[in-house]
Amino acid sequence: MTLNLLLTQVLNGVQFGILLFLMAAGLTLVFGIMSFINLAHGSLYMLGAYFAAVAYGWTGSFWLAMAAAFFGLFALGALADALGLSILHRRDHLDQVLATFGIVLFCNELVRVVWGNAPLFMDAPPLLADSIEVLGLNYPAYRFAIIGAGLVVALGLYLLIERTRIGMLIRAGASNRSMVSALGVNIGWINRFVFALGAALAGLAGAMVGPILSIQPGMGEPILILTLVVIVIGGIGSIRGAFLGALVVGVVDTLGRVLMPSLLNQLFSPSVANAAGPAMASIGVYLLMIIVLAFKPDGLFPVRQR
Amino acid sequence: MKLNVKKLVVMMGLTVSGLTVAHAEVRIGFVATLSGPAAALGQDQYDGFMLALEQLGGKLGGTEAKIFKEDDQLKPDVGVLAVRKFIEKDKVDLITGVTFSNVMMALAKPLSDAEMLFVSSNAGPAPLAGKQCNANFFFAAWQNDNQAEVMGQYATEKSFKKVYLMAPNYQSGKDQIAGFKRYYKGPVIGECYTQLNQPDYSAEIAQLQAAAPDAIYVFYPGGMGVNFVKQMRQAGMLGKQPLLSASTVDGTTLPALKETALGVLAGSFWGPDFDNATSRKFVDAFQQKYKRIPSQYAAQAYDSANLIDSALRKTGGKTTDKAAVRAALRAADFSSLRGKMKFGNNGFPIQDMHVFEVAKNTAGDVSLKTLSTPLKGLQDAYATECPLK
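Note that the structure is predicted; figures quoted are calculated from it, not measured.

Undergrad: I'm lost on the overall build of chain B in this one. Help?
TA: The helix and strand tally for chain B stands at 13 helices and 14 strands. At 22 Å, chain B has a C-alpha radius of gyration in line with the 21 Å of a compact globule built from 389 residues. Across the 389 residues of chain B, 59% fall into the buried class. Counting contacts in chain B only where the partners sit at least 6 residues apart, residues at least 24 apart contribute 70% of the total. When the accessible surface of chain B is totalled, it reaches about 14800 Å², and 55% of it is carbon and sulfur. Here chain B contributes 43 positive and 36 negative side-chain charges, whose respective centroids are spaced 4 Å apart.

Next comes the structure, spelled out in structure tokens:
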């Protein structure tokens, strides 16, 4: 394999990682700060994609579709929290897993009833529809845009959490809930904001993959599993951990898919390599997770204790 | 003696009630994948079947038809339960539908144990075409390999020299690669198996680009096909070299792809631009009723309903004489929307296979346009292994 191709594949890995980060940021905030395991995060991603596709269908504008997904899911997240999810915050993790898994099934069925079984259509904006030549290979412009958008979101989140008053309250609420409410801060509202923000980021991720992926019922589950791996590897509750963990998972997954078959091809006959390669590649990420858990149970980049 | 009389009375009662049911209506069990990510296929099968039934005035062979519908959820065990229910509770005369081959393989046993008449409107797995063939089973669509075989023949005709093959890493994916290679003997410069239901193909597309093939053949059914084609378009890889495909661009995925898929080639037994009376009538009625261009899955089920109708017409709407119904089904004496078709010894069709290109139709909608017919009167590769005559 040439160096150019390898670099392109690293770029692919980074782009996939950025996408995972958008999902993981919301999940890790909700999990780390509210101690709430939300398996329905993948459903929020799916709903984001559907909101975007519907807005795209009505207006034909890609940018309005993005806004619809982000603000639509922010509102939906806040509403869901107000309507009952907040009750789950005080329950133990098993209850949360069961209840949110139920929401996953409900959302998949709801989407099927409302929009039907067939996948929906959404296209990239004309500005980003083509490919750019990088290192002798064509690379989709839209994927560069995803990388850019992800970096902007990462920076924005960092500033929000570390440099603003609300970020300070979020961090304080994560360390000591009762002390924060004793100081006269409505911790319920803080939690609601965090949950809605997480939902909005998942919705944005769903909307951004609209032009790349098929928008269909159940599209959230494959990415949810990888997102859980990301936050476990990165360290639960840490935005920095989610960012770096997502990049690690994205690059390992992509390179594993590319390198494993060609590596096996040199060791075994093509039929064996073709059979074993994809299977081995798909376990790479989970192998990484096991190793990380064995040596650093808090993840690679745990939240610093202050 | 007393007991025997009782038994006799009960038996007579059963026979009489059985007869009255047979005279009053024909009972059909329809099972397909109607939920989950692949539900669009099963839904099209159901819509196609019901459209034909509606055009026949709700009757099959002149007898009132009662349809029992079950969802197999793409789970073989759920499918088996549905078939058992049809046989034991609903007392159906014939079972039709079935979307996926893994479900089909699980259904073969309960169907053959009950000696049930069966008409598949999609699944056509190799084992049932070969050694495990069954005289009561009829496959109104195509044997699974056929769509790959016609693309292989097309690649041979175009004398491509560097072909790159891609499919998901599971049984059907491997069968579709093998089917392609059965008719394409030229050099293959790369063979890539991806994870089943993988959403992102950026890594594989970069490898593909570096390999610089002069044609690509892929098998990516459902959502995987939507993902793959969209990503190929954005990478600027469509139009550079022909993209040959099976089950990737069809009536269920084109609405999600639209112009993105223009120029992609696909192998199939029928396309919505077919110029015969049955096909035109079907496409017009389907578009009118469901507001979308029918997929091949709808077409197959439409044909299945008409096939069943033709057979029951011959037996006067009765299903009591199984051998007669079976012979009538085997004759395939109906006007198929694909044109000519007949059944081979294994109950699989012998038919022409065509190559289609994704293009805009006269109404400006993205659809499939017939390009050529590389394989005429194609019979599947497994028929010789079937002991039936």
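Undergrad: Mind showing me how you'd approach the state of the cysteines here?
TA: In protein structure, a disulfide is the covalent linkage between the sulfur atoms of two cysteines. Residues and elements named next belong to chain B. Evaluation of the coordinates by the stated rule reveals one disulfide over all chains. Between the sulfur atoms of Cys133 and its disulfide mate Cys386 the distance is 2.0 Å. Its S-S torsion of approximately 80° makes the covalent link between Cys133 and Cys386 right-handed. Of this pair, Cys133 sits in the loop between α5 (126-129) and β6 (137-139) while Cys386 sits in the segment after β14 (366-378), placing them 253 residues apart in sequence. The class for Cys133 is buried, based on a relative accessible area of 13%. Owing to a relative accessible area of 6%, Cys386 belongs among the buried residues under this scheme.

Undergrad: Help me understand the sheet that holds strand β2 (residues 59-60) of chain B in this model?
TA: Two modes of strand pairing occur in sheets, parallel and antiparallel, and in both the strands are linked by backbone hydrogen bonds. All names here are of chain B. Strand order across the open sheet formed by six strands is β2-β3-β1-β4-β5-β6, with mixed pairing between neighbours. Edge positions in the sheet fall to β2 and β6, since each of these pairs with one other strand and no more. The pairing of β2 with strand β3 (residues 63-71) spans two bridges and is antiparallel. Within β3, the position partnered with Leu60 by the bridge is Thr63. Most of the contacts of helix α2 (residues 39-55) go to strand β1 (residues 26-32), to which it runs at about 160°, and overall it touches β1, β2, β3 and β4 (94-97).

Undergrad: Honestly, the packing of aromatic side chains in this entry has me stumped. Any pointers?
TA: Residues and elements named next belong to chain B. Following the criterion strictly, the structure yields 25 aromatic pairs over all chains and no others. Aromatic pair Phe282 and Phe286: ring centres 5.7 Å apart, planes at 55°, arrangement tilted. Pair noted here: Phe282 and Phe286 are both in helix α11 (residues 277-290), with a separation of four residues, about one helical turn. Under the relative-accessibility criterion, Phe286 is labelled buried at 0%. Ring-pair connections join several aromatic residues into one group, and the members of that group are Trp270, Phe282, Phe286, Tyr290 and Tyr302.

Undergrad: Just to check I follow, could you spell out the side chain of Gln153 of chain B for this structure?
TA: Relative to the helices and strands, Gln153 of chain B is located in helix α6 (residues 146-157). The residues touching Gln153 of chain B, leaving out its near neighbours within four places in the chain, are Tyr183, Pro374 and Leu375 of chain B.

Undergrad: Please explain empty space enclosed by the protein as it appears in this structure.
TA: It is a probe the size of a water molecule, rolled over the atoms, that shows where empty space is left. Here the structure, examined in full by the defined rule, presents two cavities of 30 Å³ or more. Computed from the structure, the largest cavity encloses a volume of approximately 80 Å³. Asn12 and Pro140 of chain A together with Ser202, Ile205 and Ala235 of chain B are, among the 13 residues lining the largest cavity, the residues nearest its centre. Residue assignment for the lining of the largest cavity shows that the elements contributing at least two residues are α1 (3-34) and β2 (137-140) of chain A together with α8 (202-211) of chain B. In terms of residue class, the lining of the largest cavity is made up of six nonpolar, six polar and one charged. Together, Leu27, Phe31, Phe36, Ile37, Asn38, Leu39, Leu228 and Ile231 of chain A line the second largest cavity.

Undergrad: Looking at this model, I keep getting lost on the nonpolar core. Mind explaining?
TA: The nonpolar side chains of a soluble globular protein tend to be buried with one another. One finds Phe180, Tyr217 and Phe282 of chain B to be the most contacted residues of the largest nonpolar core, which totals 94 residues. Among the elements that take part in this core, helix α12 (residues 296-314) of chain B stands out by supplying nine residues, more than any other. Phe21, Met34, Ala69 and Phe195 of chain A belong to the second largest nonpolar core, which has 82 residues in total.

Undergrad: Explain the pairing of β3 of chain B here, please?
TA: Look at any regular strand and the pattern is simple: side chains alternate between the two faces of the sheet. Residues and elements named next belong to chain B. Bridge count for β1 against β3 is seven bridges, and the pairing is parallel. Looking at β3, one finds that Ala32 is bridged to Asp71. If you look at the hairpin formed by β2 and β3, you'll find two residues sitting between the two strands, and Gly61 has a positive phi there, around 65°.

Undergrad: Teacher, can you tell me more about the pairing of β2 of chain A here?
TA: All names here are of chain A. Covered by surrounding structure in β2 are Leu137 and Tyr139 together with Asn138 and Pro140, the residues of both alternating faces. The sheet contact formed by strand β1 (residues 131-134) and β2 spans four bridges and is antiparallel. Bridge assignment links Glu133 to a residue of β2, and that residue is Asn138. In this antiparallel pair of consecutive strands, β1 and β2, the connection spans two residues, and Leu135 shows a positive phi of 50°.

Undergrad: Would you mind going over the interface of chain B and chain A with me for this structure?
TA: When the parts of a complex come together, some accessible area is lost, and that lost area is often taken as the interface size. Contact with chain B, which involves 37 residues of that partner, is made by 37 residues of chain A. Taken over both partners, the interface formed by chain B and chain A buries close to 3000 Å², and the fraction arising from carbon and sulfur atoms is 51%. Linking chain B with chain A are two salt bridges, by the criterion used here. Ionic pairing is found between Glu204 of chain B and Arg257 of chain A, a salt bridge with its closest N-O pair at 3.0 Å. Linking chain B with chain A are 13 residue pairs in polar contact (both at pLDDT 80 or more).

Criteria and cut-off values
- Residues numbered from 1 in each chain as written.
- Chains lettered and ligands numbered in written order.
- Predicted model: local features only at pLDDT ≥ 70, side-chain atom pairs only at ≥ 80, totals over all residues.
- Heavy atoms only, no water.
- Helix = DSSP H or I, 4+ residues; strand = E, 2+ residues; numbered from the N terminus.
- Rg over C-alpha atoms; globule rule 2.2 N^0.38 Å.
- Buried < 20%, exposed > 50% of the residue type's maximum accessible area, 1.4 Å probe, protein only.
- Contact = heavy atoms within 4.5 Å.
- Areas by Shrake-Rupley, 256 points an atom, 1.4 Å probe, with all protein chains shown as cover.
- Lys, Arg positive; Asp, Glu negative; His and termini not counted.
- Charge placed at Lys NZ, Arg CZ, Asp CG, Glu CD.
- Disulfide = S-S within 2.5 Å.
- Pairing = 2+ DSSP bridges.
- Axes fitted to C-alpha atoms, helices over the stretch in contact; angles between N-to-C directions.
- Phe/Tyr/Trp six-rings, centres within 6.5 Å; stacked < 30°, edge-to-face > 60°.
- 1 Å grid on protein atoms, 1.4 Å probe; cavity = no way out; pocket = protein on both sides within 12 Å on 5 of 7 lines; lining within 4 Å.
- Points joined across faces, edges and corners; volume = space filled by probe spheres on them.
- Nonpolar A, V, L, I, M, F, W, Y, C, P; charged D, E, K, R; others polar.
- Core = buried A, V, L, I, M, F, W, Y, C linked by side-chain atoms within 4.5 Å.
- Buried area = accessible area lost by both parts, 1.4 Å probe.
- Salt bridge = Lys/Arg side-chain N within 4 Å of Asp/Glu carboxyl O.
- Polar contact = N/O pair within 3.5 Å; in protein donor to acceptor, adjacent residues only side chain to side chain.

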